[in-house]
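Secondary and tertiary structure notes
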Amino acid sequence: MKLITISFLSKLLILQYFSVQCLSAQNFDFFYFIQQWPGAYCDSKQSCCFPKTGKPTTNFTIYGLRPNTNDNSSPSNCDTKSVFDKSKISDLIKNLEKNWPSLSCPSSDGIKLWSHEWMKHGTCSESELTQHNYFQTALKLKQKLNLLQILKNAGIEPNDKFYNVDDFLDAIQQATGFLPGIECNRDSTHNSQLLNVYMCVEVSGSNFIECPGVPMGTCGAKIQFPKF
Ligand SMILES: *[C@@H]1O[C@H](CO)[C@@H](O)[C@H](O)[C@H]1NC(C)=O
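Keep in mind the model is a prediction, meaning the values are calculated, not measured. (Residues numbered from 1 in each chain as written. Predicted model: local features only at pLDDT ≥ 70, side-chain atom pairs only at ≥ 80, totals over all residues. Heavy atoms only, no water.)

1. Regarding the overall build of the protein chain
- For the protein chain, the count of helices and strands is seven helices and seven strands.
- Secondary structure elements in the protein chain, listed N-terminal to C-terminal, are α-β-α-β-α-α-α-α-β-α-β-β-β-β.
- Out of the 228 residues in the protein chain, the part that is buried amounts to 42%.
- Surface summary for the protein chain: the accessible area is close to 12200 Å², and the carbon and sulfur share equals 54%. (Helix = DSSP H or I, 4+ residues; strand = E, 2+ residues; numbered from the N terminus. Buried < 20%, exposed > 50% of the residue type's maximum accessible area, 1.4 Å probe, protein only. Areas by Shrake-Rupley, 256 points an atom, 1.4 Å probe, with all protein chains shown as cover.)

Laid out in structure tokens, this is it:
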């Protein structure tokens, strides 16, 4: 009888262990860390509105930190109860205003954008990062990946000139060891231009990794790096 009870108990424990594992398992395999060139966003057909804090500096901006799975799905809105709380990131606001500004119209102070990003994407990495860590991680990654400098070192500057797509890819791969993904849009005269740069980051948010699949947007062979 005693033996039976023990084995029953241990089965129960095993079952419980696995269900807890399932519940707490992360539902993503890596992050896309995406930086955007504001010059391309702003001179497209849709145009942009500068945030209330004024024109952002001539630099890439953070576009997103998005959990993704290896089979290329992007979970979203994973925890509707985990609402965005500005007070949890009050120490990061200045830095976010500078590096993760909202450029959509109408002009805003960023809160709406960060709230949207947290609810849609951040909540899907809650098993790894708290709200504060999520935004801090994005800021740290941007600091780590100084794209403007990396490109400049390779002779690529935002001067309205055209460069081969491969020049961008090579420069970033040489500097980081990882092949980025690049996405383009078109300006009002239909020139293909650099819009977004994708890099992949492991689930803890600390290190860049090789992307399981690189999202190649619609870029012409030659793309413009517009002034901003
Ligand atoms: C651009 O952003 C990077 C990363 O945040 C920063 O290190 C660099 O100083 C900035 N460059 C300029 C010219 O502001």
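Next comes the rest of the description.
2. Considering the packing of aromatic side chains
- With the rule as written, the count across this model stands at 15 aromatic pairs.
- On the basis of an interplanar angle of 55 degrees and a centroid distance of 4.8 Å, the ring pair of phenylalanine 28 and phenylalanine 31 is categorised as tilted. For the pair shown, phenylalanine 28 and phenylalanine 31 are each scored as buried.
- Taking 5.6 Å as the distance between ring centres and 70 degrees as the angle between the ring planes, the aromatic pair formed by tryptophan 118 and tyrosine 134 counts as edge-to-face. Residue tryptophan 118 is located in helix 4 (residues 111-120), and its partner tyrosine 134 is located in helix 5 (residues 131-144); the two are separated by 16 residues in the primary sequence.
- Judged by relative accessible area, tryptophan 118 falls into the buried class, the value being 1%.
- According to the relative accessible area criterion, tyrosine 134 is buried, its value standing at 0%.
- One aromatic cluster is present, formed by Trp37, Phe50, Phe60, Tyr163, Phe168, Phe225 and Phe228 through successive ring pairs. (Phe/Tyr/Trp six-rings, centres within 6.5 Å; stacked < 30°, edge-to-face > 60°.)

3. A word on the site of the ligand
- Close to the ligand lie Asn59, Asn99, Lys142, Gln143 and Asn146, which account for all nearby residues.
- For the ligand, an oxygen atom lies 2.4 Å from a polar atom in the side chain of asparagine 59.
- A distance of 3.2 Å separates an oxygen atom of the ligand from a polar atom in the side chain of lysine 142.
- The residue inventory of the shell around the ligand, partitioned by class, reads no nonpolar, four polar and one charged. (Near = heavy atom within 4 Å. Polar contact = N/O pair within 3.5 Å; in protein donor to acceptor, adjacent residues only side chain to side chain. Nonpolar A, V, L, I, M, F, W, Y, C, P; charged D, E, K, R; others polar.)

4. Digging into the environment of cysteine 49
- With respect to the helices, strands and loops of the structure, cysteine 49 is situated in the loop between helix 2 (38-42) and strand 2 (61-68).
- Through-space distance from the C-alpha of cysteine 49 to that of serine 102 is 8.2 Å; in sequence the pair is 53 residues apart.
- Discounting chain neighbours no more than four positions away, the residues touching cysteine 49 are Ser102, Leu103, Ser104, Cys105, Pro106 and Ser107. (Contact = heavy atoms within 4.5 Å.)

5. Concerning the confidence of the model for the protein chain
- For the protein chain, per-residue confidence averages 89 on the pLDDT scale, and 88% of positions sit at 70 or higher.
- Segment residues 1-6: pLDDT under 50, and zero contacts once partners within four positions in sequence are set aside and those in other chains are kept.
- pLDDT under 50 marks residues 11-24. Its contacts with residues more than four places away, or in other chains, come to one contact. (pLDDT = per-residue confidence, 0-100.)

6. Re the nonpolar core
- Grouped together as the largest cluster of nonpolar side chains are 51 residues, with contacts concentrated most on Phe33, Phe60, Phe135, Phe168 and Phe225.
- With near-sequence residues (within four places) excluded, phenylalanine 168 lies in contact with Leu151, Ile156, Tyr163, Ile182, Leu194, Ile223 and Phe225.
- Among the nonpolar cores identified, the runner-up in size contains six residues, and Tyr32, Tyr198, Cys200 and Cys211 belong to it. (Core = buried A, V, L, I, M, F, W, Y, C linked by side-chain atoms within 4.5 Å.)

7. Quick look at the side chain of threonine 137
- Looking at the element boundaries, threonine 137 is found in helix 5.
- Once residues lying within four places of it in the same chain are set aside, the contact partners of threonine 137 are Leu65, Leu129 and Gly205.

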